[in-house]
Amino acid sequence: MKATIERATLLKSLSHVQSVVERRNTIPILSNVLIEARDDGSIRLMATDLDLQVDEKRSGQCRDARRDDGRPRTRSYDIVRKLPEGSQVELNAAEGKMQLSAGRARFNLATLPRDDFPVIAEGDLPTRFELPATTLRQIIDKTRFAISSEETRYYLMGIFLHVADEKLKAAATDGHRLARVTVDKPEGADGMPDVIIPKKCVGELRKLLDEVEGTVKISLSPTKVRFGLGNAVLTSKLIDGTFPDYNRVIPTANDKLLKLDPKTFAQGVDRVSTIASEKTRVVSMNVRPRQGRTLVGDFYRTSGTDHRGARRRLWRGRASRSAFNARLSARHPRRDRRRHGRGPPRRRRRADAAARERQEPGAVRADADARVMICRLWRGWTTPENADAYERVVRG
């Protein structure tokens, strides 16, 4: 194989495929990226971990498009990244080696046989439809933060995509919070099976969507899904499991409605939570008639208050007070992942149980380690039956 490609184009494609490659793998060839020259003059790059596969084609100049090309290891991404900007990269592969050159730089990389590289067999994908890239980005951004990372409940480690009530719905939950997005059902989605898209696939899809304008072609079956994203094709296996019936835990009899500006509310929670207790991260929200809302965070004897006045009436009814875990209100709680693993010490669990017993009716209960978050807001979420139902549905 002999080909020439611009450094920026090659670097962008390698950045798309190299994140799929697992650095620690028992199968050596899965730590490599396939680079292949095609007869139409394009260059194909592909990587897989046997569950997820990214296949991308880029335009280049191919002088020899033989099929016996090789695949350099993932360190080729670091090599190309350090090459001079604007340079042309020449790829020459033969006899188990690939020479990568640009200007005065020369790199010789070991390769593996092309025929040994695994490819995910897609099979028949009967359901086919298209979604605008902006809509798909919105679905992912509004649900991915609630995906579970607990491997014991693998069926929660993805986004549940399904059709119901003539709408396309996406839902995700980690047992502490639930996110759901509803969009119009696209043409061709009739008879679509309920699928759970894995968390890794969602992350890679979101990266590729940043460079896509227009529509995304989606083809799926009960076991696999394929996303057509212009020059790139993302194929993934689906999670083999049953997503819980989340509709049973969404309250429908609430007679209280509070309208808030999301950005202003998030800023208020963030400011007050800086002095909240590290054990519970509890933030209290007091709502008073004709006074807007007040957020209060307590840290032992220290308290912080953030008042939000209202130009119009946003709340009708008697004064109400609720408490919730500020950590669970964050959109991407990466800094708190360590708290989702082990549970708290025995003494702390007993103290938290005693604190919940003293909690006033109608408040939101949150355990210190965020393992159980019962979202009981206002009336209708306040009965123990609702809390028990949520736990039974999510835990299966």
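Preceding this paragraph is the structure being described.
Described below are features of the structure shown in this document. If you're wondering where the values come from, they're calculated on a predicted model, not measured in any experiment. (Residues numbered from 1 in each chain as written. Predicted model: local features only at pLDDT ≥ 70, side-chain atom pairs only at ≥ 80, totals over all residues. Heavy atoms only, no water.)

A word on the pattern of salt bridges
Condition: Each salt bridge in this description consists of a side-chain nitrogen of Lys or Arg and a carboxyl oxygen of Asp or Glu lying within 4 Å of one another. Under the scheme used here, helices are H or I runs from DSSP no shorter than 4 residues and strands are E runs no shorter than 2 residues, and both carry numbers assigned from the N terminus. Accessibility here uses a 1.4 Å probe with only protein chains present; expressed as a share of the type maximum, an area under 20% marks a residue as buried, one over 50% as exposed, and anything in between as partly exposed.
Applying the stated criterion across every chain yields a total of 17 salt bridges. Across the salt bridge formed by aspartate 55 and arginine 44, the nearest N and O atoms sit 3.0 Å from each other. In this pair, aspartate 55 is assigned in strand β4 (residues 52-59) and arginine 44 in strand β3 (residues 42-48), connecting sequence segments eleven residues apart. In this pair, the class of aspartate 55 matches that of arginine 44, namely buried. For arginine 206, the salt bridge identified is with aspartate 141, shortest N-O distance 2.8 Å. Placement of the pair is arginine 206 in helix α4 (residues 199-209) and aspartate 141 in helix α3 (residues 133-141), with a sequence separation of 65 residues. Its relative accessible area of 25% is what places aspartate 141 among the partly exposed residues.

Some thoughts on the nonpolar core
Note the following rule: The term nonpolar core refers to a set of buried residues drawn from Ala, Val, Leu, Ile, Met, Phe, Trp, Tyr and Cys, joined through side-chain atoms within 4.5 Å. Whether two residues are in contact is decided by their heavy atoms, any of which lying within 4.5 Å being enough.
Ranked by internal contacts, the top residues of the largest apolar core, which has 62 residues, are Val216, Phe227, Leu229 and Leu234. By residue number, the principal contributor to this core is α4, which donates five residues. Setting aside residues no more than four positions away along its own chain, phenylalanine 227 makes contact with Leu136, Ile197, Cys201, Leu205, Val216, Lys217, Ile218, Ala232, Val233 and Leu234.

Details of the sheet that holds β4
Applicable threshold: Should DSSP find at least two bridges between two strands, the strands are regarded as paired. Interaxial angle, 0 to 180 degrees, is taken between N-to-C directions of lines fitted to C-alpha atoms, where a helix line uses only the stretch in contact.
Taken together, the seven strands give an open sheet; going across it, the order is β2-β3-β4-β16-β15-β14-β9, and neighbouring strands pair in antiparallel fashion. A strand with exactly one partner marks an edge of an open sheet, and here the two such strands are β2 (34-37) and β9 (127-132). Direction aside, the axes of adjacent strands within the sheet are offset by 15 degrees on average. Taken together, the six bridges between β9 and strand β14 (residues 215-220) define a ladder with antiparallel strand orientation. Looking at β14, one finds that threonine 127 is bridged to leucine 220. Running over the sheet, α3 touches β9, β14 and β15 (224-229) and is turned about 90 degrees from β9.

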